[in-house]
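Here is what each chain is made of, one letter per residue.
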Amino acid sequence: MKKFRERFSKFMIGRYGMDRLGQFLTVLALVFILAGFFVRSLWLDGLALICLILCYYRMFSRNISRRFQENQKYEAMRFHTEEFFKRLRFRIDQARHYHIYKCPGCGQKIRIPRGKGRVSIHCPKCGKDFIKKS
């Protein structure tokens, strides 16, 4: 076993290895394989095979700069997706506790706590006063 490990580590010298995009492709392939057990579709099996081939191609590639760029693009997409859902969750949480009104004068968003009845709102940006129900 030790001899195999040494040969494999020598083989991997100068190769890209596994990164987060590779991990994502592996998990995606597993999802397609599990879905294929229930649906019995050649399309799902084909997609799983493509994901695994792409993952291993990237892992054993010697073009490290190109694989790094691909991973950076994936990380940027992942970041934007996570931020979208974080903002959505924040807006939903804010909507539970606050009403958000726009000032009729300047369009500034103003956050007012729920359950206070009719309140007079003073816009901090333009100074206009208006009444809304909270």
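Remember, it's a predicted structure, so these values are computed and weren't measured experimentally.

Draft legend 1. Main features of the state of the cysteines. Per the stated rule, a full pass over the model turns up zero disulfides. The structure places no disulfide on C55, whose sulfur is separated from the nearest cysteine sulfur, that of C51, by 9.0 Å. The thiol of C123 is not disulfide-bonded; the next cysteine sulfur, from C106, is found 3.6 Å away.

Draft legend 2. Expanded view of a positive patch on the surface. On the surface, a cluster of positive charge is contributed by R87, R91, K102 and K109. Within the secondary structure layout, R91 lies in helix α4 (residues 64-97).

Draft legend 3. Just helix α3 (residues 42-59), in detail. Its 18 residues give α3 an end-to-end C-alpha distance of 26 Å, which sits within 8% of 26 Å, the value for a rise of 1.5 Å per residue. The complete set of buried residues in α3 reads L44, A48, C51, C55, R58 and M59. When α3 is viewed along its axis, its buried side chains cluster within an angular range of 105° and face the same direction. Seen from the open side of α3, the exposed residues pointing more than 90 degrees away from its buried face are L42, W43, L49, I50, I53 and Y57. On its buried side, α3 packs onto α1 (2-12), α2 (20-39) and α4. Of the residues flanking the start of α3, the one acting as N-cap is S41, its side-chain oxygen 3.2 Å from the backbone nitrogen of W43.

Draft legend 4. Just the side chain of S134, in detail. Looking at the element boundaries, S134 is found in the segment after β4 (129-133). Within the local environment of S134, its side chain forms a polar contact with the backbone oxygen of P113, the two atoms lying 3.5 Å apart. Looking at S134, its side chain comes within polar contact range of the main-chain nitrogen of K116, at 2.8 Å.

Conventions we followed
Residues numbered from 1 in each chain as written. Predicted model: local features only at pLDDT ≥ 70, side-chain atom pairs only at ≥ 80, totals over all residues. Heavy atoms only, no water. Disulfide = S-S within 2.5 Å. Patch = residues over 30% accessible without salt bridge, like charges linked within 9 Å, V, L, I, M, F, W, Y side chains within 5 Å. Areas by Shrake-Rupley, 256 points an atom, 1.4 Å probe, with all protein chains shown as cover. Salt bridge = Lys/Arg side-chain N within 4 Å of Asp/Glu carboxyl O. Lys, Arg positive; Asp, Glu negative; His and termini not counted. Charge placed at Lys NZ, Arg CZ, Asp CG, Glu CD. Helix = DSSP H or I, 4+ residues; strand = E, 2+ residues; numbered from the N terminus. Expected span 1.5 Å × (residues − 1). Buried < 20%, exposed > 50% of the residue type's maximum accessible area, 1.4 Å probe, protein only. Arc of directions from axis to C-beta. Contact = heavy atoms within 4.5 Å. Polar contact = N/O pair within 3.5 Å; in protein donor to acceptor, adjacent residues only side chain to side chain.

The values reported here are purely geometric and, on their own, carry no functional implication.
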